[in-house]
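Take a look at the letters that make up each chain.
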Amino acid sequence: MQLLTKNKLLTGIFAVLGVAGIAAWAYQLAGGLGVTGMSNANSWGLYIAMFMFFVGLSAGGLIVASSASVFHITEYKKVAMPAIILSTVCICCAGAFVLIDLGGIQRIWHLFASPNASSPLVWDICVITLYLFINVLYLHFMHKGAERAVSVLSRFALPTAVLVHSVTAWIFGLQIAKEGWFSAIMAPIFVASAMDSGLALLLIVLIVLNAAKLFETPKKLIASLAGLLATCVAIDGFLIFCEVITMAYPGAEGAATLAVMVSGPTAPFFWAEVVGGLLVPFLMLVFAKNRQNTALVTVASVLVVAGVLCKRLWLLLTAFVIPNIVGAPGIMSDAWMMGGSYAPTAIEFLIVLGVPSLGALAFMAIGSKLLVPAMAKEHAPARSSAAADLDLEAQVA
């Protein structure tokens, strides 16, 4: 368990946060979702934002690993193992947030007892389960060295990675009652955001593992991935511009929603994502010389991940600012007023910190089993050769 024991302070911090998150979740199970800041006005909050965020983060790893076989990018094979481990951990975190948002985990059985085939929520659960299954199979075959099986599985992994983010987008994009979500390009926006945030997180992890001398990634490959990240950021920015200009066009129905995004309650998140998460990282990575600088690549990657998190927040919460049901027949406005505000409680924050902490511990534990031994095997022949050379020199002397 080298990744865990070599970083005892970090392991301890993650363990404490994980235990605190579990305790907070137990408290929520006992008290119900009333202990959160969610209400009739804001039925989704931080948990669903984090669900979207982690579904996206899981993209980069699987896409990079599967591209190595599908598009014959042999350089990517060098980082396929950490990429798949990261993808697996992130999709598990995403699924955990869905279960937490249910309020009672026992309610999951309704999905199997009476599924609604027309609901994107049901599609999403199915495709996430398939996505996780593919990740686990991928890890198994890579660990066994079954190159043929990995190559075949890659053909299914790549479209599934695109599909899981598209289906997650359709949960929002198909809701006609919410102007901020109802968009034909919501799926492309989600896929683009998933690509840049997932790649950015993968770069951060690879650079950290490099610095700790636990997994070696060639500097040229880091620069290559950074170039791909710059391309994904540019595509993401273009899609957001397309959405915004459509909403801003004179007389468009989305003008009120756009006003909330750019100058209302969710404006800080919107501008943080546009400027800090898109514009600045792109300007940093668009120049080849900067991509050779590991420190700059790290800063740009952190900004991209933080920017996509801000994006998930403004995307989710903006649509709740403008109520979609006011004075509907049979609804008493005093008791069921659909307008309101949302602020996460301490319980939500503890859970949101706890889930990624447990995910980080899982990555470190799996990495200790799969990454560190793999590196030891790679360096073993070199060490043996060096030892043989020394023996030969001694005999000659």
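Look up: the structure comes first, before these words.
Residues numbered from 1 in each chain as written. Predicted model: local features only at pLDDT ≥ 70, side-chain atom pairs only at ≥ 80, totals over all residues. Heavy atoms only, no water.

Overview of the overall build of the chain
Turning to step 1, where the next piece is worked out: Across its full length, the chain carries 15 helices and zero strands.
Turning to step 2, where the next piece is worked out: Looking at the chain as a whole, 47% of its 397 residues qualify as buried.
Turning to step 3, where the next piece is worked out: A separation of at least 24 residues holds for 78% of the contacts in the chain among residues at least 6 apart in sequence.
Turning to step 4, where the next piece is worked out: When the accessible surface of the chain is summed, it comes to about 18700 Å², and 72% of that surface belongs to carbon and sulfur atoms. (Helix = DSSP H or I, 4+ residues; strand = E, 2+ residues; numbered from the N terminus. Buried < 20%, exposed > 50% of the residue type's maximum accessible area, 1.4 Å probe, protein only. Contact = heavy atoms within 4.5 Å. Areas by Shrake-Rupley, 256 points an atom, 1.4 Å probe, with all protein chains shown as cover.)

Details of empty space enclosed by the protein
Turning to step 1, where the next piece is worked out: Tallied over the entire structure, the rule returns two cavities of 30 Å³ or more.
Turning to step 2, where the next piece is worked out: Along the walls of the largest cavity sit 14 residues, with G180, E243, M261, W314 and L315 positioned nearest its centre.
Turning to step 3, where the next piece is worked out: Looking at the lining of the largest cavity, the elements with two or more residues in it are α8 (186-211), α9 (219-248) and α13 (294-321).
Turning to step 4, where the next piece is worked out: Looking at the lining of the largest cavity, the element that brings in the most residues is α13, giving five residues. (1 Å grid on protein atoms, 1.4 Å probe; cavity = no way out; pocket = protein on both sides within 12 Å on 5 of 7 lines; lining within 4 Å. Points joined across faces, edges and corners; volume = space filled by probe spheres on them.)

A closer look at the layout of surface pockets
Turning to step 1, where the next piece is worked out: By volume, the largest pocket is sized at about 850 Å³.
Turning to step 2, where the next piece is worked out: Lining the largest pocket we find 31 residues, and of these F14, L201, V205, P356 and A360 sit closest to its centre.
Turning to step 3, where the next piece is worked out: Put simply, the parts of the chain that give the lining of the largest pocket at least two residues each are α2 (8-31), α3 (46-70), α4 (80-101), α8, α13 and α15 (346-396).
Turning to step 4, where the next piece is worked out: The dominant element in the lining of the largest pocket, judged by the number of residues it contributes, is α15, at eight residues.

Digging into the nonpolar core
Turning to step 1, where the next piece is worked out: Formed by 107 residues in total, the largest nonpolar core has its most connected members in F54, F97, F172, W181 and L316.
Turning to step 2, where the next piece is worked out: When residues in this core are grouped by element, the largest group, 17 residues, is from α3.
Turning to step 3, where the next piece is worked out: Discounting residues that sit within four places of it in the chain, F97 has contacts with Y47, M50, F51, F54, I351, V352, V355 and P356.
Turning to step 4, where the next piece is worked out: Counting residues in hydrophobic clusters, the runner-up holds five residues, among them L4, F14, A360 and M364. (Core = buried A, V, L, I, M, F, W, Y, C linked by side-chain atoms within 4.5 Å.)

Side note on the environment of C126
Turning to step 1, where the next piece is worked out: Relative to the helices and strands, C126 resides in helix α6 (residues 120-144).
Turning to step 2, where the next piece is worked out: Note on C126: relative accessible area 48%, which makes it partly exposed.
Turning to step 3, where the next piece is worked out: A C-alpha to C-alpha distance of 9.2 Å links C126 and V164, two positions 38 residues apart in sequence.

Some points on the packing of aromatic side chains
Turning to step 1, where the next piece is worked out: Inspection of every chain in the model, using the stated rule, returns nine aromatic pairs.
Turning to step 2, where the next piece is worked out: With centroids separated by 5.4 Å and ring planes inclined at 70°, the aromatic side chains of W44 and F172 adopt a geometry described as edge-to-face. Separated by 128 residues along the polypeptide, W44 in the loop between α2 and α3 and F172 in helix α7 (residues 147-173) bring together distant segments of the chain. There is no split in this pair, since W44 and F172 are both buried.
Turning to step 3, where the next piece is worked out: For the pair F270 and W314, a centre-to-centre distance of 5.2 Å together with 75° between the ring planes defines the contact as edge-to-face. Within this pair, whereas F270 is found in helix α11 (residues 267-285), its partner W314 is found in helix α13, the two being separated by 44 residues in sequence. (Phe/Tyr/Trp six-rings, centres within 6.5 Å; stacked < 30°, edge-to-face > 60°.)

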